[in-house]
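Now for the letters of each chain:
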Amino acid sequence: MLRFSRIVSFVLSILILAGTLLGCQSDVSGSKEIYETEAPQTATQEYIDSLTGVGRIVYERSLVRDGVPRLDFDGETFAVIIPEGSINDWRPEEMSSDQLSSALYETCEYVEERLGVKLIFSDEASDEEVDDLISTGDDTYSVVVKSYNKIGQLAMENRLRDWETIPYMDLDAAWWNQSAREAVSVLGKTYMMVGAACVQEVRVTYCVYYNKTLAEQYKSVLPNLYDLVYKGQWTLDKFIEVSRVGYRDLNGNTRKDPNDQFGLAGQTTSYAVPFLYSCGEMTTQRDSDGIPYIHMNTEKVVSIVEKVYSLIYEDKATWPTRDWSTHSDIFADGRALFMYGTFAHALSGYFDEMEDTYGFLPYPKYDELQKDYHTITDPSGSTFGILLHCPNDQVLGAVMEVMNARAWQQVQPALYDAALKGRSADAPEDGDMLDIINRGVVYDFGYVYGGPGELLSKMMNHKTKDYASQYAQRIRGWENNINTAVDSIINSDW
């Protein structure tokens, strides 16, 4: 597989060489606007055909243009509040040999040069200080980056503005997560958006890891897992079936213990949650007026709960654990065929000392009739909200659109490449899997606003599959939370 650095060098060179500026200038809210058309990028067909995995993703995305005209805001400042300690996810201090840092740095430089703005990222404001900024009408900052639960809370408190009203933004574009827009909106009001520039959101995306070395040992009885994904056959039942291949009683004591080899090293809390969504379910649906309501008391949800419980607790091939390290330690030791986790496990060095080669898979679908693979992100991720007193909508729309489009072209592939380094980067399909997983991220109104999104986690953690009683105990509280959120958003002044 061609390495990312070579592909980026090629893409950047043709980005610089391609394009001519046409058209006239006109003044728009103090900016100079120059409509731009660019000649198609060119490359030999032989070169294009040689691209695979991340390399092909980079090239194909380089051909896509955002719709923002060329603008000059004469050095106007655009300030963003970001989570504490996250500055390197937005603007590293300098260009470096690290591909991700370089892509982030270049993205900021590109936005500033193209639009004539100065980007400021502040990671020093606490939640209380953000509240004070909004309450006092401070217009220093335009956007706040927080977890989706906190953005949801700000929206309920009438402290954010609607993304649908901002100029220059194409919220239908590939660099904006459509599920976040659709699932969390009410009556056309959208207070939370997730864009390609949200690096932490990619890091905390849930996925399934598999040990390629073990899979090769069992290839006589184990199907090609990537082929299963491509053919739409990677289902929950298939996951349960193939995981059983991996169990071995390594110490010969005739009982399952943590020193054995397992089909699945399974953490039972947060990592159980994505199964509901990967199986095509949401905790809420919409009525004829577009208002969300709880929709969880179904036979399919009961079936999902029972299957996941069986996988974790009733299958000898699984070693279940409630702590945050045992499952990854077992996998890193080469003693599990599968482990579910997040991209952060690969990006943060969990498997740097792992001798075996590993790969990535999406969480499984419910059945083959389900069209797409889905997953979710951990609530510790990052999403965008527009602060109530944003000083300039023109700058806001142009910067956010260009920044996220550029990040989609440069930063996301760099993240994929970082996850693929080391023991995983031995097949072009690895990059495809990361893109399938990332494109399948969904959001749920009920998860953001206190509905039953974490029920599967709570049930697995307490080792119960009695869904009926759990539902009956909690439904009133869920409905109160959802109704409160809906009323707050509908009655928002913005």
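Sequence order as written defines the numbering, with residues in each chain counted from 1. Only residues with pLDDT of at least 70 get local features here, since the model is predicted, and only at 80 or more are side-chain atom pairs given and counted; chain-wide, interface and lining totals rely on the full set of residues. Side-chain calculation: all heavy atoms of the structure are included, whereas hydrogens and water are not.

Helix numbering and strand numbering both begin at the N terminus, where a helix is a DSSP run of H or I of at least 4 residues and a strand a DSSP run of E of at least 2. For the chain, the helix and strand inventory stands at 20 helices and 15 strands. For the chain, the proportion of its 494 residues judged to be buried stands at 58%. By element, 46% of the accessible surface of the chain is carried by carbon and sulfur atoms, the whole surface being about 20,400 Å². Averaging the locations of the 42 positively and 75 negatively charged side chains of the chain gives two centres separated by 6 Å. Each residue is assigned to one of three classes by its accessible area relative to the maximum for its type, calculated with a 1.4 Å probe on protein chains only: buried under 20%, partly exposed between the two thresholds, exposed over 50%. Note on areas: these come from Shrake-Rupley sampling with a 1.4 Å probe, and a residue is covered only by the protein chains present in the view. Only four residue types enter the charge count: Lys and Arg as positive, Asp and Glu as negative, with His and the chain ends excluded. Lysine's charge is taken at NZ, arginine's at CZ, aspartate's at CG and glutamate's at CD.

At least two DSSP bridges between two strands are required for those strands to pair. Pairing within the open sheet is mixed, and its five strands lie in the order 12-9-13-8-14. The open sheet has two edge strands, strand 12 (318-321) and strand 14 (358-361), and neither has a second partner. Mean inter-strand twist for the sheet, computed between neighbouring axes without regard to direction, equals 25 degrees. Relative to strand 12, strand 9 (residues 262-267) runs parallel, the two sharing four bridges. For Leu 264, the partnering residue across the bridge sits in strand 12 and is Thr 318. The contact criterion used is simple: two residues touch if any of their non-hydrogen atoms lie within 4.5 Å. Each axis is a line fitted through C-alpha atoms, taken for helices only over the stretch in contact, and angles between the N-to-C directions span 0 to 180 degrees. Sheet contacts for helix 17 (residues 429-439): strand 8 (206-211) and strand 14; angle to strand 14, the most-contacted strand, approximately 35 degrees.

Below, the discussion takes up the side chain of Asp 89. Note on placement: Asp 89 falls in the loop between strand 4 (76-81) and helix 4 (99-115). Contacts of Asp 89, omitting those with residues within four sequence positions, involve Leu 104, Val 199, Gln 200 and Arg 203.

Bringing the pattern of salt bridges into the picture now. Salt-bridge detection follows one rule: a side-chain nitrogen of Lys or Arg within 4 Å of a carboxyl oxygen of Asp or Glu. As enumerated under the stated definition, the model contains 22 salt bridges in all. One salt bridge in this structure joins Asp 393 and Arg 161, with 2.7 Å as the shortest N-O distance. Taken together, the residues span a long stretch of sequence, with Asp 393 in helix 16 (residues 393-420) and Arg 161 in strand 7 (residues 160-161) at a distance of 232 residues. Residue classification places Arg 161 among the buried positions, given a relative accessible area of 10%. Through salt bridges with shared partners, a single network forms among Arg 61, Asp 435 and Arg 439.

A few words on the packing of aromatic side chains. A pair of aromatic rings is counted whenever rings of Phe, Tyr or Trp (Trp by its six-membered ring) have centres within 6.5 Å, and the orientation is called stacked for planes under 30 degrees apart, edge-to-face for over 60 and tilted otherwise. Evaluation of the coordinates by the stated rule reveals 34 aromatic pairs. Arranged with centres 5.8 Å apart and planes meeting at 65 degrees, the rings of Tyr 209 and Tyr 358 form a pair that is edge-to-face. Linking Tyr 209 in strand 8 with Tyr 358 in strand 14, this pair joins segments that are 149 residues apart in sequence. Classification of Tyr 209 by relative accessible area gives buried; the value is 0%. On the accessibility criterion, Tyr 358 (3% relative accessible area) is buried. Residues Phe 351 and Tyr 358 carry aromatic rings whose centres are separated by 5.3 Å and whose planes lie at 65 degrees to one another, so their mutual orientation is edge-to-face. Owing to a relative accessible area of 3%, Phe 351 belongs among the buried residues under this scheme. Ring pairs connect the aromatic residues Tyr 206, Trp 234, Phe 239, Tyr 271, Phe 275, Trp 324, Phe 338, Tyr 340 and Tyr 363, which therefore count as one cluster. Geometrically, a charge over a ring is one whose NZ (Lys) or CZ (Arg) sits within 6 Å of the ring centre while staying within 35 degrees of the ring normal. Stacked on the ring of Tyr 373, the Lys or Arg Lys 365 has its end atom at 5.1 Å from the ring centre. Lying across the ring of Tyr 110, Arg 406 places its NZ or CZ 3.9 Å from the centre.

Turning to unusual backbone geometry, a few remarks are in order. Peptide bonds are mostly trans, and most non-glycine residues show a negative phi. Even without being glycine, Asp 74 reaches a positive phi, approximately 55 degrees. Notably, Leu 187 is not glycine yet its phi reads approximately 50 degrees, a positive angle. Relative to the helices and strands, Leu 187 resides in the loop between helix 7 (178-184) and helix 8 (199-203). Given a relative accessible area of 52%, Leu 187 falls into the exposed group.

Moving on to helix 20 (residues 467-490). Think of an α-helix as 3.6 residues a turn; residues three or four steps apart then line up on the same face. How far a helix is expected to stretch is found by multiplying one less than its residue total by 1.5 Å. Compared with an ideal rise of 1.5 Å per residue, which puts 24 residues at 34 Å, helix 20 spans 32 Å between its outermost C-alpha atoms and is within 8% of the ideal. A bend of about 45 degrees at Arg 474 is the largest found in helix 20. Residues Tyr 467, Gln 470, Tyr 471, Ile 475, Trp 478, Ile 482, Ala 485, Val 486 and Ile 489 constitute the buried set of helix 20. Check the buried side of helix 20 and you find it contacts helix 6 (148-156), strand 10 (284-286), strand 11 (292-294), helix 13 (299-314), helix 18 (445-448) and helix 19 (455-461). Fitting one axis to the seven residues ending at a residue and another to the seven starting there, the bend at that residue is the angle between the two axes.

Ranked by size, the top nonpolar core spans 160 residues in total, and within it Leu 115, Trp 234, Phe 338, Phe 360, Phe 384, Met 400 and Met 460 carry the most contacts. Among residues more than four places away in sequence, those in contact with Trp 234 are Leu 225, Leu 228, Val 229, Phe 239, Val 242, Phe 338, Leu 361, Pro 362, Tyr 363, Pro 364, Lys 365 and Tyr 373. Working definition of a nonpolar core: buried Ala, Val, Leu, Ile, Met, Phe, Trp, Tyr and Cys residues. They are joined through side-chain atoms within 4.5 Å.

This part takes up the confidence of the model for the chain. Per-residue confidence from the predictor is reported as pLDDT, which spans 0 to 100. Looking at the chain as a whole, the pLDDT averages 88, with 90% of positions reaching at least 70. Taken together, the stretch residues 1-40 has pLDDT below 50 and engages in 91 contacts with residues farther than four places along the chain or on a different chain.

In the contact formed by helix 16 and helix 17, the axes pass within 10 Å of each other and the chain directions differ by 125 degrees. It follows that helix 16 is oblique to helix 17 by the angle criterion. Viewed along their axes, helix 16 and helix 17 form a crossing whose handedness is right-handed. Here helix 16 contributes Gln 412, Tyr 416, Ala 419 and Leu 420 to the contact with helix 17, which in turn contributes Asp 430, Gly 431, Leu 434, Asp 435 and Asn 438. Each residue is assigned to one of three groups, with Ala, Val, Leu, Ile, Met, Phe, Trp, Tyr, Cys and Pro labelled nonpolar, Asp, Glu, Lys and Arg labelled charged, and all others, Gly among them, labelled polar. Residues that form the contact of helix 16 with helix 17 fall into these classes: four nonpolar, three polar and two charged. Roughly parallel covers angles under 35 degrees, roughly antiparallel covers those over 145, roughly perpendicular covers 65 to 115, and oblique covers all other angles. Note: crossing handedness is left-handed where the near helix turns anticlockwise from the far helix by less than a right angle, and right-handed where it turns clockwise.

Let's shift gears to the sheet that holds strand 6 (residues 143-146). Strand order in the open sheet made by the five strands is 5-4-6-15-7, with mixed pairing throughout. The open sheet has two free edges, formed respectively by strand 5 (117-122) and strand 7, since each of these has just one partner strand. Taken strand by strand, helix 6 contacts strand 6, strand 7 and strand 15 (383-387), and its axis lies near 135 degrees from that of strand 6.

Here Phe 78 is to be found in strand 4. On the accessibility criterion, Phe 78 (1% relative accessible area) is buried. When the C-alpha atoms of Phe 78 and Thr 269 are compared, they prove to be 39 Å apart, with 191 residues separating the residues in sequence. In this structure, Phe 78 is in contact with Lys 118, Leu 119, Ile 120, Ser 142, Val 143, Val 395, Leu 396, Val 399 and Met 400, ignoring residues within four places of it in sequence.

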